[in-house]
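Chain residues, written in single-letter form:
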Amino acid sequence: MKKIISILMVCLLAVALTACGSNDKEKKASDNDKTKTSEAQKKQEEQMKEMQKKLEAQKVANGKVVATVNNDKIIGKDYNQALSSSQMQMQQMGQDPSSKEASKQIKSQTIESLIGQSLIMQDAKKKGYKASSAEVNKELEKTKKQYKGEKNFTKALKQAKLTESELKDQITDGITSQKYIDKEVPADTVTDKEIQDYYNQYAKQGTGKGQKPPKLEEVKPQIKQQLEQQKKQEKLMSHVKELKKNAKIDIKI
C-alpha cells in the first residue's frame, strides 16, 4: 500500500550574516535542524517509493491465469488483490515484504489461500450453500455506512480498483463460504483446561519486569476467543487438505 509521506519544505537563509548576534546563530541552528529533518524525510520517501516499486513488481497481469482448480480459473486480478493484502499485513507486523525471501513466502501463501478459497466455494455450491439477495444487500449497506457517505464509498472502491458489482460478488462469496464453514467445519469446543494451560504459559513468560499478569478471570474471554480461532483455522486447513486430494490443481506462476 502506498504511504504518502509529507515533506517539510525548509527555506535556507543566505549565509551572509556575520554580525547579527546570538539570534542569528539560533536561527541558523534551527535551519540546520530543519534541513536535516527534510533530508531524512526525503530519504524515507525515496525508500518508500523504491519499496513500492518492488511490491508492484511482485504482481502479475490482471488477465493472466495464475492457477486452475478443477474447472475454475484464478486470474491475476484476484491474485494481485490478495497479494496486496498479504504485503500490507507483513508491513503492519514490521517486516519487509519486498525482500527476496519474503516475496517467495507471500507468493506461496497467496496462491495457497486462493486455491483453498476456490475449493471451499466449489464444495459449498455443490452442497447447495448460497447467499440470499437480502443478505448481500444488508452487508453491502453495512459496508457503505462505514465510509459515511456515497462519495467516500465510491472513492474507496476506486482506490481498491473495484466496481460495486464486483464488491457484491465478493460479499456473496464471503457469505456463502462462511455458511459452509460454520456448518461443515464447526470449531471444536475450548475446554477450561486448555484455557488454564494457555494462561499458565502466558503468566510464566511474564508481562514485563516488576509487572504481574492479570487474573485469569480478566483475560479468560480473550483467551477463549483466541483458542477458538486457532482451532477453527487448524481445522479449516485440514479440511482444505482433504479437498485437495480429489482436486486437479495446476499452478501457473
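Residues numbered from 1 in each chain as written. Predicted model: local features only at pLDDT ≥ 70, side-chain atom pairs only at ≥ 80, totals over all residues. Heavy atoms only, no water.

Asks: How should the pattern of salt bridges be read in this particular structure?
Replies: For side chains of opposite charge, pairing can occur when their charged atoms come near one another. On inspection of all chains with the given rule, the structure shows 17 salt bridges. One salt bridge in this structure joins Glu141 and Lys144, with 4.0 Å as the shortest N-O distance. Placement of the pair is Glu141 and Lys144 together in helix 4 (residues 133-146), with a separation of three residues, close to one helical turn. On the basis of relative accessibility, which here comes to 42%, the residue Glu141 falls in the partly exposed class. When the shortest N-O distance is used, the salt bridge between Lys231 and Glu194 registers 3.0 Å. (Salt bridge = Lys/Arg side-chain N within 4 Å of Asp/Glu carboxyl O. Helix = DSSP H or I, 4+ residues; strand = E, 2+ residues; numbered from the N terminus. Buried < 20%, exposed > 50% of the residue type's maximum accessible area, 1.4 Å probe, protein only.)

Asks: It is not clear to me how the packing of helix 7 (residues 192-205) against helix 8 (residues 216-245) should be interpreted in this structure. Could you clarify?
Replies: Packed helix pairs are characterised by how far apart their axes lie and by the angle those axes make with each other. Two elements in contact, helix 7 and helix 8, have axes whose closest approach is 9 Å; the angle formed by their N-to-C orientations is 110°. Between helix 7 and helix 8, the angle falls in the class roughly perpendicular. Of helix 8, the residues touching helix 7 (which contributes Asp192, Glu194, Ile195, Gln196, Tyr198 and Tyr199) are Leu216, Val219, Lys220, Ile223, Lys224, Gln226, Leu227 and Lys231. (Axes fitted to C-alpha atoms, helices over the stretch in contact; angles between N-to-C directions. Parallel < 35°, antiparallel > 145°, perpendicular 65-115°, else oblique. Contact = heavy atoms within 4.5 Å.)

Asks: Can you help me understand the side chain of Asp123 in this one?
Replies: Relative to the helices and strands, Asp123 is located in helix 3 (residues 100-126). Classification of Asp123 as buried rests on a relative accessible area of 10%. Among the polar contacts listed, one links the side chain of Asp123 to the side chain of Tyr180, at a separation of 2.4 Å. Residues contacting Asp123, with those up to four places away along its chain left out, are Tyr180, His239 and Leu243. (Polar contact = N/O pair within 3.5 Å; in protein donor to acceptor, adjacent residues only side chain to side chain.)

Asks: Got a minute to help me understand unusual backbone geometry in this structure?
Replies: Here Asn70, not a glycine, exhibits a phi torsion of approximately 55°, which is positive. The topology assignment puts Asn70 in the loop between strand 1 (65-69) and strand 2 (72-75). When its relative accessible area of 30% is taken as the criterion, Asn70 is described as partly exposed. Of note, the phi angle at Lys161 is positive, near 55°, even though the residue is not glycine. Of note, Lys161 is situated in the loop between helix 5 (150-159) and helix 6 (164-184). The exposed category is assigned to Lys161, whose relative accessible area is 65%.

Asks: I tried to follow the confidence of the model for the protein chain on my own but got confused; where do I start?
Replies: Detail in the predicted coordinates should be disregarded across regions flagged by low pLDDT. Confidence in the prediction for the protein chain averages 83 pLDDT; 84% of positions are at 70 or higher. The low-confidence segment residues 1-22, where pLDDT is below 50, has 26 contacts with residues more than four positions distant or belonging to other chains. (pLDDT = per-residue confidence, 0-100.)

Asks: Explain the pairing of strand 1 to me, please; I cannot follow it from the model alone.
Replies: In regular strands, side chains alternate between the two faces of the sheet. Extensive coverage of strand 1 is indicated by the burial of four of its five residues. Pairing of strand 1 with strand 2, which is carried by four bridges, proceeds in the antiparallel orientation. Each residue of the ladder has a partner; that of Val65, found in strand 2, is Ile75. The loop that links strand 1 with its antiparallel partner strand 2 comprises two residues; one of these, Asn70, has a positive phi angle of about 55°. (Pairing = 2+ DSSP bridges.)

Asks: Please explain the layout of surface pockets as it appears in this structure.
Replies: To find the voids left in a structure, one rolls a probe of water-molecule size over its atoms. In this structure, the largest pocket encloses a volume near 2400 Å³. In terms of lining residues, the largest pocket is bounded by 50 residues, among which Asp78, Gln81, Ala82, Leu114 and Gln117 are the most central. Among the secondary structure elements, those contributing two or more residues to the lining of the largest pocket are helix 1 (22-57), strand 2, helix 2 (76-92), helix 3, helix 6 and helix 8. The dominant element in the lining of the largest pocket, judged by the number of residues it contributes, is helix 3, at eleven residues. By residue class, the composition of the lining of the largest pocket is 16 nonpolar, 19 polar and 15 charged. (1 Å grid on protein atoms, 1.4 Å probe; cavity = no way out; pocket = protein on both sides within 12 Å on 5 of 7 lines; lining within 4 Å. Points joined across faces, edges and corners; volume = space filled by probe spheres on them. Nonpolar A, V, L, I, M, F, W, Y, C, P; charged D, E, K, R; others polar.)

Asks: Looking at this model, I keep getting lost on helix 2. Mind explaining?
Replies: The periodicity of an α-helix, 3.6 residues per turn, causes residues three or four positions apart to be oriented the same way. For helix 2, with 17 residues, the first-to-last C-alpha span of 24 Å sits near the 24 Å given by 1.5 Å per residue. Of the residues making up helix 2, those classed as buried are Gly76, Tyr79, Asn80, Leu83, Ser84, Ser86, Gln87, Met90 and Gln91. (Expected span 1.5 Å × (residues − 1).)

Asks: What exactly am I supposed to notice about the sheet that holds strand 1 here?
Replies: Hydrogen bonding along the main chain pairs the strands of a sheet, whether they run parallel or antiparallel. Strand order in the open sheet formed by three strands is 2-1-3, and the pairing between neighbours is antiparallel. The open sheet has two edge strands, strand 2 and strand 3 (249-251), and neither has a second partner. Averaged over neighbouring strand pairs, the angle between their axes works out to 20° when direction is ignored. Both strand 1 and strand 3 contribute to a ladder of three bridges, which runs antiparallel. Counterpart to Val69 in the pairing with strand 3 is Ile249.

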